[in-house]
Amino acid sequence: MEMRSLTQAEAQRRAALLTVDRYDIAVDLTDLPTGPAVRCVSTVEFACREAGAETFVDCAAEVVAATLNGRDLEPAAEGRIRLPDLAARNTLRVETV
């Protein structure tokens, strides 16, 4: 998987736009004795200062599914998950392997 590097301008824009309230991360290691799979479900609750704005999150793992406020998101590209049409309060859920 090819990853796109985060630029300083992108990081500054995202930091000005979002405030993260909470991360919940569940890690499933049950496949490790017989294979390399590590499965994770990450849930992020965050606020957005500009409702309707768009940004992205970085993800180095293979994304199985991602939802924003209960809506399915497009597949990750270049290690990024696009977050369109942000609300004032948001919940992002990402399943990876």
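Up top is the structure.
These numbers come from a predicted model, not from an experiment. (Residues numbered from 1 in each chain as written. Predicted model: local features only at pLDDT ≥ 70, side-chain atom pairs only at ≥ 80, totals over all residues. Heavy atoms only, no water.)

A.B. asks: Would you mind going over the overall build of the chain with me for this structure?
C.D. replies: Broken down by element type, the chain carries one helix and seven strands. The helix and strand sequence of the chain, counted from the amino end, reads α-β-β-β-β-β-β-β. Counting only C-alpha atoms and orienting by the principal axes, one finds that the chain spans roughly 45 × 25 × 20 Å. Within the chain, buried positions represent 30% of all 97 residues. Counting contacts in the chain only where the partners sit at least 6 residues apart, residues at least 24 apart contribute 70% of the total. Approximately 6,100 Å² of the chain is accessible, and the part contributed by carbon and sulfur atoms is 53%. Across the chain, the mean location of the 11 positive side-chain charges is 5 Å away from that of the 16 negative side-chain charges. (Helix = DSSP H or I, 4+ residues; strand = E, 2+ residues; numbered from the N terminus. Buried < 20%, exposed > 50% of the residue type's maximum accessible area, 1.4 Å probe, protein only. Contact = heavy atoms within 4.5 Å. Areas by Shrake-Rupley, 256 points an atom, 1.4 Å probe, with all protein chains shown as cover. Lys, Arg positive; Asp, Glu negative; His and termini not counted. Charge placed at Lys NZ, Arg CZ, Asp CG, Glu CD.)

A.B. asks: What am I meant to see in the side chain of T96 here?
C.D. replies: Structurally, T96 can be placed in strand β7 (residues 89-96). Under the relative-accessibility criterion, T96 is labelled buried at 11%. Sequence-distant contacts of T96, defined by excluding residues within four places in its chain, comprise V38, R39, C40, C59, A61, E62, V63 and V64.

A.B. asks: Help me understand the packing of aromatic side chains in this model?
C.D. replies: Between two aromatic rings, the relevant description is the distance of the centres plus the angle of the planes. All chains considered together, the criterion is met by zero aromatic pairs. The ring centre of F56 lies 4.9 Å from the NZ or CZ of R14, which sits over that ring. Positioned over the ring face of F56 is R80, at 3.9 Å from the centre of the ring. (Phe/Tyr/Trp six-rings, centres within 6.5 Å; stacked < 30°, edge-to-face > 60°. Lys NZ or Arg CZ within 6 Å of the ring centre and 35° of its normal.)

A.B. asks: Before we go on, may I ask you to explain the pairing of β7 in this structure?
C.D. replies: On β7, burial follows the alternation: N90, L92, V94 and T96 on one face are buried, whereas R89, T91, R93 and E95 on the facing-out side are not. Inspection of the sheet shows strand β2 (residues 39-48) paired to β7 by eight bridges, in the antiparallel sense. Bridge pairing in β7 links S42 to V94. In the sheet, strand β4 (residues 63-68) pairs with β7 via five bridges, with the strands oriented antiparallel. Looking at the pairing, A66 lines up with V94 of β7. (Pairing = 2+ DSSP bridges.)

A.B. asks: Can you walk me through unusual backbone geometry in this structure?
C.D. replies: Note: most residues except glycine have negative phi, and most peptide bonds are trans. With a phi close to 55 degrees, N69 is a non-glycine residue in the positive phi region. Among the structural elements, N69 can be located in the loop between β4 and β5 (71-72). In this structure N69 comes out as partly exposed when scored by relative accessible area, which is 31%. For E78, which is not glycine, the phi dihedral falls at a positive 55 degrees. Looking at the secondary structure, you find E78 in the loop between β5 and β6 (80-83). On the basis of relative accessibility, which here comes to 40%, the residue E78 falls in the partly exposed class.

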